[in-house]
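Residue-level structure breakdown
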Amino acid sequence: MDIMEYTREELVDPTGILSGTRYEFHLFLQLDPEDELYDEKGTGLRIIFLVDGEEERIVSYNFFERATGNVLDFELDEEEYTEIEQFCKAHLAE
């Protein structure tokens, strides 16, 4: 799984109920054609990432079909999860 491009946007909580700052990342992935997540039109990963003081972590994520936006029912394995979490931490300030 390679990240070909991404977007990052700060999410605004107009109510002020949630603590910390949340970011929404959309990662657009290049996958091996043999991977069950592979789609000719592209596969993406949507992530909600929390920064609250010293805490920086993934709150939620889901894979999606890039062409339609339809959610795919797959999970990251532990190694992929760590890689994606590090990617988000490294790209917070951009």
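Quick note: structure is the one above.
The text that follows walks through the structure, step by step, so that each part is easy to find.

What counts, and where the lines are drawn
Residues numbered from 1 in each chain as written. Predicted model: local features only at pLDDT ≥ 70, side-chain atom pairs only at ≥ 80, totals over all residues. Heavy atoms only, no water. Patch = residues over 30% accessible without salt bridge, like charges linked within 9 Å, V, L, I, M, F, W, Y side chains within 5 Å. Areas by Shrake-Rupley, 256 points an atom, 1.4 Å probe, with all protein chains shown as cover. Salt bridge = Lys/Arg side-chain N within 4 Å of Asp/Glu carboxyl O. Lys, Arg positive; Asp, Glu negative; His and termini not counted. Charge placed at Lys NZ, Arg CZ, Asp CG, Glu CD. Helix = DSSP H or I, 4+ residues; strand = E, 2+ residues; numbered from the N terminus. Buried < 20%, exposed > 50% of the residue type's maximum accessible area, 1.4 Å probe, protein only. Contact = heavy atoms within 4.5 Å. Pairing = 2+ DSSP bridges. Axes fitted to C-alpha atoms, helices over the stretch in contact; angles between N-to-C directions.

**A short note on a negative patch on the surface**
Together, D2, D77, E78, E79 and E83 line one region of the surface with negative charge. Here the negative patch takes 3 residues from helix α1 (residues 78-90), the largest share from any one element. On the secondary structure map, D77 appears in the loop between β5 (71-72) and α1. Looking at D77, the relative accessible area reads 41%, which means it is partly exposed.

**A few points about the side chain of N62**
Relative to the helices and strands, N62 resides in strand β4 (residues 55-65). A relative accessible area of 18% means that N62 is categorised as buried. In this view, N62 contacts G44, L45, R46 and V71; residues no more than four positions away in its chain are not counted.

**Looking at the sheet that holds strand β3 (residues 43-52)**
Strand order in this open sheet of 5 strands is β1-β2-β3-β4-β5, and the pairing throughout is antiparallel. Strands at the two margins of the open sheet, each flanked by one partner only, are β1 (2-11) and β5. Here 10 bridges tie β3 to β4, and the two strands are oriented antiparallel to one another. The residue of β4 that forms the bridge with V51 is E56. Where α1 meets the sheet, its contacts fall on β1, β2 (21-30), β3 and β4, and the angle it forms with β4 comes to roughly 115°.

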